[in-house]
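Below, each chain spelled out in residue letters.
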Amino acid sequence: VVGLRRIQAACKLGAEKGLSMVSGLCYRYHFAKQETMKRVHGGEIGEIRTLQCTYNTGGLWHRGRKPEWSEMEYQMRNWLYFTWLSGDHIAEQHIHSLDKVLWAMKDEAPIKATSTGGRILRTDEKYGNAYDHFNTVFEWENGVRAFSSCRQMPGTAFDVSDFAVGTTGTASLQSHRITGENGKWRHRSDEPDDMYQNEHNELFKSIRAGKPIDNSDYMIKSTMLAIMGRMSAYTGQTVSWEQAWQSTLDLSPPSYEWLEQLETKPVALPGVEKFI
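Let me begin by describing the structure that accompanies this report. Within each chain, residues carry numbers counting from 1 in the order of the written sequence. With the structure being a predicted model, the display of local features is reserved for residues of pLDDT at least 70 and the display and counting of side-chain atom pairs for 80 or more, all residues being used for whole-chain, interface and lining totals. The side-chain quantities take in all heavy atoms of the structure and omit both hydrogens and water.

Some details on helix H8 (residues 216-235)
Since the α-helix advances by 3.6 residues per turn, residues separated by three or four positions end up pointing in the same direction.
Phase 1: Its 20 residues give H8 an end-to-end C-alpha distance of 28 Å, which sits within 8% of 28 Å, the value for a rise of 1.5 Å per residue.
Phase 2: With 17 of 20 residues buried, H8 is to be regarded as a mostly interior element.
Phase 3: Looking one or two places after H8, you find Gly 236, whose phi comes out positive at around 80°. Counting from the N terminus, the helices are DSSP H or I runs at least four residues long and the strands are E runs at least two residues long. By this rule, a helix spans an expected 1.5 Å times one less than how many residues it contains. Exposure is judged per residue with a 1.4 Å probe applied to protein chains only, and the accessible area is read against the type maximum: over 50% gives exposed, under 20% gives buried, and values in between give partly exposed.

A word on the side chain of Ser 247
Phase 1: Relative to the assigned elements, Ser 247 resides in the segment after helix H9 (241-245).
Phase 2: Judged by relative accessible area, which is 1%, Ser 247 ranks as buried.
Phase 3: When sequence neighbours within four positions are dropped, the list of residues in contact with Ser 247 reads Val 1, Val 2, Arg 5, Met 231, Phe 275 and Ile 276. In what follows, residue pairs with any heavy atoms lying within 4.5 Å of each other are defined as contacts.

Some points on the side chain of Glu 71
Phase 1: Relative to the helices and strands, Glu 71 is located in helix H3 (residues 71-77).
Phase 2: Overall, Glu 71 belongs to the buried group, its relative accessible area being 16%.
Phase 3: In this view, Glu 71 contacts Arg 65, Leu 259, Glu 260, Gln 261, Leu 262 and Thr 264; residues no more than four positions away in its chain are not counted.

A closer look at the pairing of strand E3 (residues 133-139)
Phase 1: Across the seven residues of E3, five count as buried, placing the element largely inside the fold.
Phase 2: DSSP bridges decide pairing: two strands pair if at least two such bridges lie between them. For strand E2 (residues 112-118) and E3, the ladder comprises seven bridges, and the chain directions are antiparallel. In the sheet register, Lys 112 faces E3, and the bridge partner there is Glu 139.
Phase 3: Judged from the seven bridges that link them, E3 and strand E4 (residues 145-152) form a sheet pairing that is antiparallel. Paired with Asn 135 across the bridge in E4 is Ser 149.
Phase 4: Between the antiparallel neighbours E3 and E4 lie five residues, among them Gly 143 with a positive phi of about 95°.

Concerning the sheet that holds strand E7 (residues 177-180)
Phase 1: Strand order in the open sheet made by the nine strands is E8-E7-E6-E5-E1-E4-E3-E2-E9, with mixed pairing throughout. Two strands in the sheet have a free side with no partner beyond their single neighbour: strand E8 (183-186) and strand E9 (239-240).
Phase 2: Two strands pair when backbone bridges link them, and strand E1 (residues 48-57) and strand E5 (residues 159-166) are joined in this way by eight bridges, in the antiparallel orientation. Each residue of the ladder has a partner; that of Asn 56, found in E5, is Asp 159.

Some thoughts on the nonpolar core
Phase 1: Put simply, buried Ala, Val, Leu, Ile, Met, Phe, Trp, Tyr and Cys residues joined by side-chain atoms within 4.5 Å make one nonpolar core. Judged by nonpolar contacts, the single largest core of 53 residues is most densely connected at Ile 48, Leu 51 and Met 224.
Phase 2: Looking at this core element by element, the count peaks at 11 residues for H8.
Phase 3: In contact with Met 224, not counting residues within four places along its chain, are Val 1, Leu 4, Trp 241, Ala 244 and Trp 245.
Phase 4: Membership of the second largest hydrophobic core comes to six residues, among which are Trp 69, Tyr 74, Leu 80 and Phe 82.

Coordinates in, geometry out; function isn't part of it.
Encoded structure:
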């Protein structure tokens, strides 16, 4: 969060300078998801009561270690497995699911998070201090809960899905479908819809038109959801939004030189790891 507050200040300065800030949370630029979210916000599933998001994948790559690499270079080449570089996979990968949850909630931040997580298969030293699974419940002021699950384990079932359950229907956010009292709907279009290209198109358009885009608000909030979930899992405690935002934990290394020696923080043990 120390770094996130720094980013927030940079984004504020960028806005004052009239710069565009387009986030890498690319689902926001996917036309199919924009149409689905428009319908959710338009009341087609009624009032949202529950959300569920899942990002379960197999194992990811590892670059190994070469004798000529310093410890800093080794960690940077294997950045997935070090919290100071990736934020752990709840922030590195699952953030895209959490961003859809926040989007469904019209970018209203939750008030607290309660999470569990750990390392079942990532027990080798090469996996740094990253977990291989998280399960988190986020709660909002109005009583809505989002149930979040993510894992990165070889040989396990793949599932990337998100659901918003309302008083009159359910929306599948990832597959762009709605079912409920208002019937069934599914997004269909022959229009090109590459979300990566879409967001670049919008960025270039904003620069040419002199109409800056500022995605910083939801970018920072979605990152906070990921950090809250990680904090809660690491410590074994429920973490509030206000508590998380005031955190003084700074994961930055002492230097960004190609350090031969670079301390790796021990794997967090819930109930032992303290909230800072």
